[in-house]
Amino acid sequence: MAGMEVTIYHNPRCSKSRATLALLEKRGIEPRVILYLETPPSAQQIRELLGLLGMTPRELIRSGEKEYRELRLSDPATTDEDLISAMHNCPRLLQRPIVVVNGAARIGRPPESVLDIL
């Protein structure tokens, strides 16, 4: 584990996020914890996360949130940049948790999905 930098974009109120953090800690990993609701990632950081995850903005956005409906983000005319901007401005729209390890990232749904990048 030496030399491995692990970051988790964490929401303490989310059971999957808590379970993923506990899984990392159980393995002796003390990740850098980013409380992304308090310190939202910039649009550029979201673009970088998308690249690490191999996902599109639409795959990373939480479509069940009320902000998704209020902002009419389901409209097919909504651009990727619009979605990225929405996730930055309303970080509740981001899938969670996101774990980043040495240039790779996974969403901890289920928590065990992060194990393949450790």
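Heads up: the structure comes first, above all this text.
Presented here is an overview of the structure given in this document. These numbers come from a predicted model, not from an experiment. (Residues numbered from 1 in each chain as written. Predicted model: local features only at pLDDT ≥ 70, side-chain atom pairs only at ≥ 80, totals over all residues. Heavy atoms only, no water.)

## Regarding the pairing of strand β4 (residues 104-107)
(1) Moving on: Because side chains alternate across β4, one face comprises the buried residues Ala-105 and Ile-107, and the other comprises Ala-104 and Arg-106, none of which is buried.
(2) Moving on: In terms of strand pairing, strand β3 (residues 98-101) meets β4 through four bridges, oriented antiparallel. Bridge pairing in β4 links Ile-98 to Ile-107.
(3) Moving on: Between the end of β3 and the start of β4, which pair antiparallel, lie two residues, with Asn-102 showing a positive phi angle near 40 degrees. (Buried < 20%, exposed > 50% of the residue type's maximum accessible area, 1.4 Å probe, protein only. Helix = DSSP H or I, 4+ residues; strand = E, 2+ residues; numbered from the N terminus. Pairing = 2+ DSSP bridges.)

## Thoughts on the pattern of salt bridges
(1) Moving on: Summed over all chains, the structure comprises seven salt bridges.
(2) Moving on: The salt bridge partner of Lys-66 is Glu-70, with a shortest N-O separation of 4.0 Å. Here the residue Lys-66 and the residue Glu-70 both occupy positions in helix α4 (residues 66-70), the gap between them amounting to four residues, near one helical turn.
(3) Moving on: Of the residues examined, Glu-70 reaches a relative accessible area of 52% and is grouped as exposed.
(4) Moving on: Members of the salt-bridge network, linked through shared partners, are Arg-62, Glu-65, Lys-66, Glu-67, Glu-70 and Arg-92. (Salt bridge = Lys/Arg side-chain N within 4 Å of Asp/Glu carboxyl O.)

## Quick look at the packing of helix α2 (residues 43-53) against helix α5 (residues 80-89)
Each packed pair of helices is defined by two parameters, the angle between the axes and the distance between the axes.
(1) Moving on: It is at 9 Å that the axes of α2 and α5 come closest, and there the two elements cross at 115 degrees. When the axes of α2 and α5 are compared, the pair comes out roughly perpendicular. Where α2 crosses over α5, the two elements pack in a sense that is right-handed. Contacts from Ala-43, Ile-46, Arg-47 and Leu-50 in α2 reach Glu-81, Ile-84, Met-87 and His-88 in α5. (Axes fitted to C-alpha atoms, helices over the stretch in contact; angles between N-to-C directions. Parallel < 35°, antiparallel > 145°, perpendicular 65-115°, else oblique. Left-handed = near helix turned anticlockwise from the far one by under 90°. Contact = heavy atoms within 4.5 Å.)

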